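This is what each chain is made of:
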Amino acid sequence: MSGPRARRTAVTGIGVVAPNGLHADTYWKNVKEGASVLDRVTREGCEHLPLRVAGEVRGFDPTALIEETFLVQTDKFTHFALAAADAALKDAGLSQDAWADAPYSVGVVTAAGSGGGEFGQRELQKLWGQGSRFVGPYQSIAWFYAASTGQISIRKGFKGPCGVVASDEAGGLDAVAHAARFVARGTDAVVVGAAEAPLAPYSGVCQLGYRELSTVEDPARAYRPFTSAACGFVPAEGGAVLVVEDLERARRRDTAVRATVAGHAATFTGASRWDRSREGLAHAIRGALDEAGCAPEEIDVVFADALGVPEADRAEALALADALGPHGTRVPVTAPKAGIGRSYCGAPLLDIVAAVQAMEHGQIPPTPGVFDICHDIDLVTATARPAELRTALVLSRGLMGSNAALVLRRGPAKDA
């Protein structure tokens, strides 16, 4: 994360579109209370699929938030990203005037695991059913992994460095690391995040190939990580977008620094090789701690990957012990995603948001619906736990074999 000028990366803005809230404050309220919003899938065309439970984003009206010009060109996953980007920029106090004279000073990075499945399915059905003349011209871009990066950049006039991490779930953390490196190299601010929309029929069928996917019909039992009843994960829509910027620039703007990005590392151990993910995740944790200059005992809370597969949950618990030593069994661990589902690349972004808010409020949110813990970790359950939180560790693993760890520090006081 360091560069010639040793620029530090500050989180100054947060935007959320999640199954449990369309705003960051609502999201935090429900996360803190341990509310679960997992429910039966209601998407048209998904009725016949064995995927029964998911975290759906409800009440989201893109027409009230996004111009028609952009709506017709984009899929739902980009609608989520555009709305979250707007909220993050507002939270950071960055108006259009802030970059009007320096458009090259702001970049965009997003992560995506599947792209625009709903838009793509609709246009392909036109192709098969009516012919090529009925396929819209935006089919060529709306499904694309980089669509959210491109549309945020175009809509806002950002001309700084842009990128997309086309990856599985851990790509959400990797995107933040890319953004931090842009800041370290001289970019003033980066809009970074991920949002997914995997609940269209074709997307649902594709996910049925994941043996880790839960097909349990009872929402209360479909996703229970770190328990003896763990039976897989449930997917979710949504995600989050952050504004990250040079810490000194943020101070000069007199804006609130909500957290700093201290360290990151990533590894790869192979698709569904959860036995190997123990070593890979532990290596990523050590790498993130090294980059952050952070001792294991300094970690005050862990936001777990929490896949909900017994083998994977065991590997994660052991990875914490391997990387953090005795502290690995004592440090509080939580997995708010148990109440909203896993939105693939969007999931670790939502965990970052929860980690930032937990440090701000001095409360560790609980893991919804989980009580009978069968691993040697201090999993926070039932109710939020008050704690002095200075440093948080966010973990993520992808179904295709990626592992990542991110260390966040609580935002410093303005006179620090």
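Residues numbered from 1 in each chain as written. Predicted model: local features only at pLDDT ≥ 70, side-chain atom pairs only at ≥ 80, totals over all residues. Heavy atoms only, no water.

In the annotation of an unreviewed UniProt entry, the protein is listed under the name Ketosynthase chain-length factor and assigned to Streptomyces chartreusis.

Let's talk about the pattern of salt bridges
What counts is decided by this rule: Salt bridges are defined as contacts in which a side-chain nitrogen from Lys or Arg sits within 4 Å of a carboxyl oxygen from Asp or Glu. Strands here mean DSSP runs of E at least two residues long; helices mean DSSP runs of H or I at least four residues long; both are numbered from the N terminus. Partly exposed residues are those whose accessible area sits between 20% and 50% of the maximum for their type, while under 20% is buried and over 50% is exposed, using a 1.4 Å probe and protein chains only.
Applying the stated criterion across every chain, the model contains 31 salt bridges. Its salt-bridge partner being K337, residue D351 comes within 2.6 Å of it at the nearest N-O pair. Of the two residues, D351 sits in helix 14 (residues 346–361) while K337 sits in the loop between strand 10 (332–334) and helix 14, which places them 14 residues apart along the sequence. For D351, a relative accessible area of 2% corresponds to the buried category. By relative accessible area, which is 3% here, K337 ends up buried. The network of salt bridges with shared partners includes R7, D188, E245, D246, R249 and R253.

Points about unusual backbone geometry
One non-glycine residue, S272, adopts positive backbone phi at about 60 degrees. You can see S272 is positioned in the loop between strand 8 (259–268) and helix 11 (274–292). In this structure S272 comes out as partly exposed when scored by relative accessible area, which is 22%. Its identity is not glycine, yet A306 carries a phi of approximately 55 degrees, on the positive side. By the element assignment, A306 lies in the loop between strand 9 (301–303) and helix 12 (310–324). Residue A306 is classed as buried on the basis of its relative accessible area, which comes to 0%.

Quick word on the side chain of D75
To be explicit about the condition: His is not counted here, nor are the chain ends, while Lys and Arg score as positive and Asp and Glu score as negative. In protein, a polar contact requires one atom able to donate a hydrogen and another able to accept it; more generally it is a pair of N or O atoms within 3.5 Å, and residues adjacent in sequence count only if both atoms are side-chain atoms. Residues count as neighbours in contact if any of their non-hydrogen atoms are within 4.5 Å of one another.
By the element assignment, D75 lies in the loop between helix 2 (68–71) and helix 3 (76–92). One buried charge, D75, has no salt-bridge partner; the nearest side chain with opposite charge is R122, at 6.1 Å. From its side chain, D75 meets the backbone nitrogen of E118 in a polar contact 3.3 Å long. Aside from chain neighbours lying at most four places away, what touches D75 is G115, G116, G117, E118, F119, A142 and A197.

Here's the deal with the domain arrangement of the protein
Inclusion rule: Domain ranges listed in this record stem from an automatic or a database domain assignment. As used here, buried area is the combined drop in accessible area, with a 1.4 Å probe, of two parts when they are placed together.
Domain annotation for the protein reports domain 1 (9–253) and domain 2 (261–410). In this structure, domain 1 and domain 2 have C-alpha centres spaced 21 Å apart. Each side of the interface is counted separately: domain 1 has 62 residues, and domain 2 has 64 residues. Overall, the association of domain 1 and domain 2 removes approximately 5,000 Å² of surface from exposure, summing both partners, and the carbon and sulfur fraction of that is 66%. Seen at the junction of domain 1 and domain 2, the total is 2 salt bridges. Note that R224 is salt-bridged to D372, the shortest N-O span being 2.8 Å.

Regarding the packing of helix 3 against helix 7 (residues 147–156)
The following threshold applies: Interaxial angles span 0 to 180 degrees and are taken between N-to-C directions of axes, which are lines fitted to C-alpha atoms, for helices over the stretch in contact. Here roughly perpendicular refers to angles of 65 to 115 degrees, roughly parallel to angles under 35, roughly antiparallel to angles over 145, and oblique to all remaining angles. Put simply, a crossing is left-handed when the front helix is turned counterclockwise from the back one by less than a right angle, and right-handed when it is turned clockwise. For this scheme, ten residues count as nonpolar: Ala, Val, Leu, Ile, Met, Phe, Trp, Tyr, Cys and Pro. Four count as charged, namely Asp, Glu, Lys and Arg, and the remainder, Gly too, count as polar.
Contact geometry of helix 3 with helix 7 gives a least axis separation of 9 Å together with a crossing angle of 45 degrees. Taken together, the axis directions place helix 3 and helix 7 in an arrangement best described as oblique. Two packed elements cross with a definite hand, and for helix 3 against helix 7 that hand is right-handed. For the pair formed by helix 3 and helix 7, the contact residues are F77, T78, A81, L82, A85, D86 and L89 on the first element and A147, S148, Q151, I152, R155 and K156 on the second. In terms of residue class, the contact of helix 3 with helix 7 is built from 7 nonpolar, 3 polar and 3 charged.

Side note on helix 3
How we decide: Between the first and last residue of a helix there are one fewer steps than residues, each counted as 1.5 Å, and that sum is the expected span.
Given a rise of 1.5 Å per residue, 17 residues ought to cover 24 Å, and the 24 Å separating the end C-alpha atoms of helix 3 matches this to within 8%. Taking burial as the measure, the 17 residues of helix 3 include 13 buried ones, the bulk of the element. Two or three places before F77, at the start of helix 3, stands the capping residue D75, its side-chain oxygen 2.9 Å from that residue's backbone nitrogen.

Overview of the confidence of the model for the protein
Detailed reading of the predicted coordinates is not advisable wherever pLDDT falls low. Rules: Every residue carries a pLDDT, the predictor's confidence in it, which falls somewhere between 0 and 100.
Of all residues in the protein, 98% attain a pLDDT of 70 or more, and the chain-wide mean is 94. Contacts of residues 1–5 to residues separated by more than four positions or lying in other chains number 12 contacts, the stretch itself having pLDDT below 50.

A look at the environment of L324
Along the chain, the position of L324 falls in helix 12. Judged by its relative accessible area of 2%, L324 falls in the buried class. Sequence spacing of L324 and A282 is 42 residues, and the spatial spacing of their C-alpha atoms is 8.5 Å.

Topic: the sheet that holds strand 9
Condition: Paired strands, as defined in this entry, are two strands with at least two bridges between them according to DSSP.
With mixed pairing, 11 strands are arranged side by side in an open sheet as 5-4-6-7-1-8-15-14-9-10-12. With one partner strand each, in any of the chains shown, strand 5 (162–166) and strand 12 (378–379) form the two edges of the open sheet. The pairing of strand 4 (residues 106–112) with strand 6 (residues 189–196) spans 5 bridges and is classified as parallel. Bridge pairing links V108 to V191 in strand 6. Against the sheet, helix 12 contacts strand 9, strand 10 and strand 14 (391–397), and its axis sits at roughly 145 degrees relative to strand 14.

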